[in-house]
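# Overview (structure and organization)
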Amino acid sequence: MSKSVKLHVWGDAACFTRPEMKVERVSYDVMTPSAARGVLEAIYWKPQMRWVIERIHLLKPVQFTSVRRNEVGTKASASNAKSAMKKGTGALGLYIEEQRQQRAGTILRDVAYVIEARIEVIDTSEPVEKHYHMFKRRAEKGQCFHRPYLGCREFIADFAWIEGDLPPTELPEPQSNRDLGFVLLDIDYTPAEGKSFDVIEANTGKKLLARPQFFRAELKDGVMEVPPVSAREVVS
């Protein structure tokens, strides 16, 4: 059971970081499906449903610019967090002054997309129409759980519900049809065996391995079709 939605998303800047270049950030040309899912979940999400991204429309020309930003050079330790959960105390803080690093980034500027997605219900006791109308009402009013962003939290996104025709595109013809190479589809989290793990699930404390999934993306008339996770062309 599913229900489709369309959302117009735009912003002054975006950075959909290529995982192979995450030290000095370089953005993909187009919004990734996982980033699109994050935008939708910022507006509406419940444990009883999930978002499936179907396609992403590129509305403006791809324009890159370079920036230099201050970033934190480490992340909170998952093992320290687990130890603190057991003991009820522990040092989990990060001090920005000690961990700050200045890094270059190649980001997108002046971006606009249309996200087409569908709602799939996990708990069938709640009809999909209920989630659809709650999302539509929140999107029309500009409501969100937290401000949606375009790849990085400092690149905030504006959004608008689409009823009917899509917004006009400004994409020039040479950029409308081209091969985008392998693009990150999403991260698959599986239970970890042994001591090696990537993240700890917040509500269960389970150790998980994070496995990135990619697909060969292609832009046709300014539209990137997104395959399902189970599709043969999706690789890990």
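You'll find the structure just up there.
A quick note: this is a predicted structure, and the numbers were derived from the prediction, not measured.

If you tally the helices and strands in the protein chain, you get five helices and twelve strands. In terms of overall dimensions, the protein chain is globule-like: its C-alpha atoms have a radius of gyration of 19 Å, near the 18 Å expected for 236 residues. Judged by the C-alpha coordinates and their principal axes, the protein chain covers about 55 × 50 × 40 Å. Taking all 236 residues of the protein chain together, the buried fraction comes to 38%. Within the protein chain, residue pairs in contact and separated by at least 24 positions form 76% of the contacts whose partners lie at least 6 positions apart. Surface summary for the protein chain: the accessible area is close to 13700 Å², and the carbon and sulfur share equals 49%. Side-chain charges of the protein chain comprise 35 positive and 32 negative groups, with the mean position of each set lying 7 Å from the other.

So, about the packing of aromatic side chains. In this structure the tally under the stated criterion is four aromatic pairs. Residues Tyr132 and Trp161 carry aromatic rings whose centres are separated by 5.8 Å and whose planes lie at 70 degrees to one another, so their mutual orientation is edge-to-face. With Tyr132 in helix α4 (residues 128-141) and Trp161 in strand β8 (residues 158-161), the pair connects residues that are 29 residues apart, well separated along the chain. Comparing Tyr132 with Trp161 shows no difference in burial state: the two are buried. Aromatic side chains Phe135 and Trp161 sit 6.1 Å apart centroid to centroid with 65 degrees between the ring planes, which places their arrangement in the edge-to-face category. Here Phe135, found in helix α4, pairs with Trp161, found in strand β8; they are 26 residues apart in sequence, far enough to count as distant. Classification of Phe135 by relative accessible area gives buried; the value is 0%. Residue Trp161 is classed as buried on the basis of its relative accessible area, which comes to 14%. Following the ring pairs from residue to residue traces out a cluster consisting of Trp51, Tyr132, Phe135 and Trp161.

Cut-offs and rules
- Residues numbered from 1 in each chain as written.
- Predicted model: local features only at pLDDT ≥ 70, side-chain atom pairs only at ≥ 80, totals over all residues.
- Heavy atoms only, no water.
- Helix = DSSP H or I, 4+ residues; strand = E, 2+ residues; numbered from the N terminus.
- Rg over C-alpha atoms; globule rule 2.2 N^0.38 Å.
- Buried < 20%, exposed > 50% of the residue type's maximum accessible area, 1.4 Å probe, protein only.
- Contact = heavy atoms within 4.5 Å.
- Areas by Shrake-Rupley, 256 points an atom, 1.4 Å probe, with all protein chains shown as cover.
- Lys, Arg positive; Asp, Glu negative; His and termini not counted.
- Charge placed at Lys NZ, Arg CZ, Asp CG, Glu CD.
- Phe/Tyr/Trp six-rings, centres within 6.5 Å; stacked < 30°, edge-to-face > 60°.

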